[in-house]
Amino acid sequence: MTALLEIRDLKAEIAGKQILNGYDLTVKAGEVHAIMGPNGSGKSTLSYVLSGRPGYKITEGQALLAGADLSQMSVDERAAAGLFLAFQYPLEVPGVATMTFLRAALNAQRKKRGEEEMSSPDLIKRVKELAKILDMDMEMLRRPVNVGFSGGEKKRAETLQMMLLEPKLCILDETDSGLDIDALKVVSNGVNQLRSKDRGIVVITHYQRLLDYITPDVVHVQSAGRIVRTGGKELALELEETGYARYQSEAA
Amino acid sequence: MAAVQETVEQVRRVGADQYKYGFITDIESDLAPKGLSEEVIRFISAKKDEPEWMLEWRLEAYRRWLTMTEPKWARVDYPAIDYQDLYYYAAPKSTAGPKSLDEVDPELLRTYEKLGIPLHEREILAGVERPEGEERPRVAVDAVFDSVSVATTFKEELKKVGVIFCPISEALREHPELVRKYLGTVVPTSDNYFATLNSAVFSDGSFVYIPPGVRCPMELSTYFRINEKNTGQFERTLIIADKGSYVSYLEGCTAPKRDENQLHAAVVELVTLDDAEIKYSTVQNWYPGDENGRGGIYNFVTKRGDCRGANSKISWTQVETGSAITWKYPSCVLRGDNSRGEFYSIAISNGRQQVDSGTKMIHLGKGTTSRIISKGISAGRSSNAYRGLVSAHRKAEGARNFTNCDSLLIGDACSAHTIPYIEAKNPSCVFEHEATTSKISEDVLFYCMQRGLSQEDATALVVNGFVRDVLQQLPMEFAVEAQKLISVSLEGSVG
């Protein structure tokens with residue numbers, strides 16, 4: 001069976017500076033991977049390279065999503081192919097109601113995949129269900145995308161988008177940052193509902209805390225732009241004890 | 001390639017090719033002799049069968065115009081206009097005199113059909129969707145083709161409630177006392193170079209009179225089309241809302257693609273008496289010229305409303321996407337106590353378009369209020385300036401204004417300018433001014449695209465969000481059209 005995400009010896013740079021240095025990672029459908037590492041180790045870079053953010057350039061190696069070469073796809077094509085990035089800092093889109101945004105995004109993806117658009121009543125019904133799981137007020141969805149949202153509200157909204165779009169591969173970039181413990185539980189609950197045998201989840205985080213709620217199958221330690229160690233969920237606990245210092249020196 | 005860069009490229013490619021109203025109607029025209037002279041003015045006046053005083057009025061304006069010079073203060077740049085190289089009157093030959101709809105040249109009907117303008121009374125505007133069961137809105141249309149009005153719909157039905165809606169040339173014959181009482185009282189013949197020129201040579205436009213206490217039962221709209229080559233269009237619109245009345249009026253405009261520039265110098269005058277309200281909306285989509293700035297309409301327009309009565313209100317809403325050069329400042333003279341003026345504007349420039357537009361809110365009466373919301377979007381190599389004046393007279397006790405001007409830049413070859421003038425001669429007035437200028441954010445586009453939106457759709461979504469406050473002011477029937485028009489002018493995502 002083809003891996004959902006297959007990254008082979010990936011090298012990538014931004015503004016001429018190499019950030020990923022021969023990255024290898026394989027995520028199979030049904031798995032939850034955690035990528036941990038010190039600040040500046042290129043964790044967010046990985047998420048941007050995979051999603052195709054302008055300015056992030058692959059120089060060597062390959063990244064395949066369900067066998068398809070990501071570097072050959074535009075940002076929106078990657079999204080329609082099932083790649084979702086939950087942003088560390090979700091952007092504001094002034095003047096665009098969240099509900100309008102959700103409808104536009106979902107139907108754009110469906111259209112690209114040759115599927116029928118979701119009708120407005122069905123969409124509203126679905127969004128209501130999700131909002132309930134995430135303990136969100138429907139009133140929030142009438143407000144412009146992320147405008148005036150608190151940190152916790154933004155992360156809930158990201159999770160709601162992810163749950164609505166039902167991606168094949170979810171990449172969560174520091175989703176725990178800026179969350180209090182209650183919001184963390186709610187968001188984790190949403191993510192856990194997405195766990196399925198057909199879906200892969202990559203959780204990028206600095207802290208073990210999030211992994212108390214989203215239990216990973218595999219934990220990687222990233223340092224200086226590549227994975228330096230891989231283990232089971234106990235590795236995260238070990239890191240909590242020992243810190244990242246030894247990996248930073250190892251990579252150097 | 002970076003997302004914004006791609007958008008810029010896309011916008012550049014799209015340019016003029018996106019202009020879907022660029023066709024020419026092949027129709028035989030009746031033209032005045034080329035150039036401008038007293039004879040030509042007499043010719044126009046005679047064609048319209050005008051009363052003697054009207055001819056005198058025109059000639060006086062013409063003589064004054066000869067002594068004036070073209071204004072040069074706007075941030076626009078264009079070669080000198082040869083006023084003797086234009087036709088000042090062009091009319092389809094087949095439209096001699098007023099006609100019923102059945103008699104209108106089928107070629108003209110086809111033209112309006114192509115433009116999506118309903119000239120049959122049972123039809124509604126194209127592209128308007130309503131939930132089932134809800135009554136479809138009706139819109140009365142006056143269609144002006146080059147220098148003449150070719151059809152006006154729903155006239156009889158409007159007449160039943162006393163509303164007069166007809167070409168101004170017809171009003172001059174049928175209701176001379178009304179026209180004479182109000183014409184030139186808001187924009188005097190001496191007002192400015194282009195308004196004076198218009199006063200001398202105006203050929204058609206709409207006349208609206210709403211009697212006291214009447215709420216006009218439907219939207220009124222005028223649709224302007226320039227077709228003939230080397231022709232200037234000089235329309236004149238006069239709308240009077242008598243005491244306690246209300247009317248919502250919309251104008252639309254398009255022109256064929258031609259390599260030469262064409263002059264459009266219109267004058268619009270609005271008058272509201274006590275407690276009356278006029279809501280005036282414009283969707284301006286004149287041909288903008290090609291990507292090299294060749295061709296396109298010079299839109300030099302004087303629009304002004306006079307809140308003559310107490311507690312009256314005039315509201316201007318404009319969506320400006322067309323024209324090579326736009327020079328217009330729909331204004332309100334707030335004469336009546338507690339009267340209110342509003343200006344909501346979306347001005348989009350692309351290619352080599354030049355826009356110098358804004359408004360004037362002149363507070364004369366006590367307790368007058370005004371609100372200005374302006375959204376400028378510049379793309380391509382265009383230049384987009386907001387120029388506005390808010391002034392309070394000594395007697396304008398307690399006048400208030402709120403102004404918000406936002407500019408959005410797409411790409412790095414365009415420019416945006418905000419030039420506000422504020423003059424307060426009464427210490428009790430409160431004027432607020434807010435302004436922002438920003439580039440369309442690459443990060444926001446990336447965010448939208450990561451959710452599956454194409455680059456064009458992402459840009460359209462961001463821009464539509466940016467202009468939302470203004471779009472909400474348009475009559476619902478036209479907001480959808482305007483939204484599409486915005487997408488088309490920027491990306492060509494809509495065919």
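Since the model is a prediction, treat every value here as computed from it, not as a measurement.

**Notes on the packing of helix 3 (residues 52-66) of chain B against helix 8 (residues 193-201) of chain B**
For any two helices packed against each other, one specifies the crossing angle of their axes together with the interaxial distance.
Residue and element names in this part refer to chain B.
Now for step 1: Remark: helix 3 packs on helix 8, axes separated minimally by 7 Å, with the N-to-C direction vectors making an angle of 145°. Classified by chirality, the crossing of helix 8 by helix 3 is left-handed. Residues Trp57, Arg58, Ala61, Tyr62, Arg64 and Trp65 of helix 3 form the contact with helix 8, whose own contacting residues are Tyr193, Thr196, Leu197, Ser199, Ala200 and Val201.
Now for step 2: The residue makeup of the contact of helix 3 with helix 8, split by class, is 8 nonpolar, 2 polar and 2 charged.

**Considering the sheet that holds strand 5 (residues 68-69) of chain A**
Now for step 1: Judged by pairing direction, the sheet is antiparallel, and its 4 strands sit side by side in the order 2-1-4-5 (chain A) without closing on themselves. The sheet is open, and its two edges are formed by strand 2 (17-27) and strand 5 of chain A, each paired on a single side.

**Some words on the pattern of salt bridges**
Now for step 1: Tallying each qualifying case throughout the model produces 34 salt bridges over all chains.
Now for step 2: Ionic pairing is found between A:Arg53 and B:Asp443, a salt bridge with its closest N-O pair at 2.8 Å. With A:Arg53 in the loop between helix 1 (43-51) and strand 4 (56-65) and B:Asp443 in helix 9 (residues 442-450), this residue pair bridges two chains.
Now for step 3: Overall, A:Arg53 belongs to the buried group, its relative accessible area being 17%.
Now for step 4: Relative accessible area serves as the criterion here: at 33%, B:Asp443 is assigned to the partly exposed category.
Now for step 5: Between B:Asp356 and B:Arg387 there is a salt bridge; the shortest N-O distance is 2.8 Å. Linking B:Asp356 in strand 18 (residues 354-363) with B:Arg387 in strand 20 (residues 383-392), this pair joins segments that are 31 residues apart in sequence. Each member of the pair B:Asp356 and B:Arg387 is classed as buried.
Now for step 6: Taken together, the shared-partner salt bridges connect B:Glu277, B:Lys313, B:Arg340 and B:Glu342 into one network.

**Quick word on helix 7 (residues 181-194) of chain A**
Residues and elements named next belong to chain A.
Now for step 1: When the terminal C-alpha atoms of helix 7 are compared, their 20 Å separation across 14 residues agrees well with the 20 Å that a helix rising 1.5 Å per residue should span.
Now for step 2: The set of residues buried in helix 7 consists of Ala183, Leu184, Val186, Val187, Ser188, Gly190, Val191 and Leu194.
Now for step 3: Looking at the buried residues of helix 7, the elements they touch are helix 4 (120-133), helix 6 (151-165), strand 9 (169-173) and strand 10 (200-205).
Now for step 4: Between the side-chain oxygen at the start of helix 7 and the backbone nitrogen of Asp182 there is a gap of 3.2 Å, and the oxygen is on Asp180.

**Points about the environment of A:Glu117**
All names here are of chain A.
Now for step 1: By the secondary structure assignment, Glu117 is in the loop between helix 3 (98-112) and helix 4.
Now for step 2: A relative accessible area of 49% means that Glu117 is categorised as partly exposed.
Now for step 3: When neighbours within four sequence positions are excluded, Glu117 is seen to be in contact with Asn107, Arg110 and Lys111.

**A word on the sheet that holds strand 12 (residues 226-231) of chain A**
Sheet strands associate in pairs through backbone hydrogen bonding, adopting either a parallel or an antiparallel arrangement.
Residue and element names in this part refer to chain A.
Now for step 1: Pairing is mixed in the open sheet, where 6 strands are placed in the order 6-9-10-3-11-12. Only two strands of the sheet have a single neighbouring strand rather than two, namely strand 6 (83-86) and strand 12. Between one strand and the next, the sheet's axes are offset by a mean angle of 20°, whatever the strand orientation.
Now for step 2: Pairing analysis gives 5 bridges linking strand 3 (residues 32-36) to strand 10, with the strands arranged parallel. Note on strand 10: the bridge partner recorded for His33 is Val202.

**What about the interface of chain A and chain B?**
Now for step 1: Listed per partner, the contact involves 30 residues of chain A and 19 residues of chain B.
Now for step 2: Buried area between chain A and chain B, summed over both chains or domains, comes out near 2,000 Å², and the portion from carbon and sulfur atoms is 69%.
Now for step 3: For the pair chain A and chain B, the interface holds 2 salt bridges.
Now for step 4: Remark: the boundary between chain A and chain B carries 12 residue pairs in polar contact (both at pLDDT 80 or more).

**Here's the deal with empty space enclosed by the protein**
Residue and element names in this part refer to chain B.
Now for step 1: Summed over all chains, the structure comprises 3 cavities of 30 Å³ or more.
Now for step 2: Here the largest cavity defines a volume of roughly 120 Å³.
Now for step 3: Taken together, 19 residues line the largest cavity, and the ones lying closest to its centre are Ser374, Gly376, Asn384, Ala385 and Tyr386.
Now for step 4: The set of elements that each furnish at least two residues to the lining of the largest cavity consists of strand 17 (340-349), strand 18, strand 19 (369-378), strand 20, strand 21 (400-409) and strand 22 (415-424).
Now for step 5: For the lining of the largest cavity, the element with the most residues is strand 19, which contributes 5 residues.
Now for step 6: Broken down by class, the residue content of the lining of the largest cavity amounts to 7 nonpolar, 10 polar and 2 charged.
Now for step 7: Tyr386, Gly388, Leu389, Val390, Asn401, Thr403, Pro420, Tyr421, Ile422, Phe431, Glu432 and His433 are the residues that line the second largest cavity.
Now for step 8: Of all the secondary structure elements, the ones that give two or more residues to the lining of the second largest cavity are strand 20, strand 21, strand 22 and strand 23 (430-439).

**Notes on the confidence of the model for chain B**
Residue and element names in this part refer to chain B.
Now for step 1: Of all residues in chain B, 80% have pLDDT values of 70 or greater, and the mean over the chain is 83.
Now for step 2: Within the model, the stretch residues 6-17 combines pLDDT values under 50 with 25 contacts to residues more than four positions away or in other chains.
Now for step 3: Here residues 122-134 is modelled with pLDDT under 50, and outside its nearest four sequence neighbours on either side it reaches 19 contacts, counting other chains as well.
Now for step 4: In the predicted assembly, ipTM is 0.96 and pTM is 0.81.

Cut-offs applied
- Residues numbered from 1 in each chain as written.
- Chains lettered and ligands numbered in written order.
- Predicted model: local features only at pLDDT ≥ 70, side-chain atom pairs only at ≥ 80, totals over all residues.
- Heavy atoms only, no water.
- Axes fitted to C-alpha atoms, helices over the stretch in contact; angles between N-to-C directions.
- Helix = DSSP H or I, 4+ residues; strand = E, 2+ residues; numbered from the N terminus.
- Left-handed = near helix turned anticlockwise from the far one by under 90°.
- Contact = heavy atoms within 4.5 Å.
- Nonpolar A, V, L, I, M, F, W, Y, C, P; charged D, E, K, R; others polar.
- Pairing = 2+ DSSP bridges.
- Salt bridge = Lys/Arg side-chain N within 4 Å of Asp/Glu carboxyl O.
- Buried < 20%, exposed > 50% of the residue type's maximum accessible area, 1.4 Å probe, protein only.
- Expected span 1.5 Å × (residues − 1).
- Polar contact = N/O pair within 3.5 Å; in protein donor to acceptor, adjacent residues only side chain to side chain.
- Buried area = accessible area lost by both parts, 1.4 Å probe.
- 1 Å grid on protein atoms, 1.4 Å probe; cavity = no way out; pocket = protein on both sides within 12 Å on 5 of 7 lines; lining within 4 Å.
- Points joined across faces, edges and corners; volume = space filled by probe spheres on them.
- pLDDT = per-residue confidence, 0-100.

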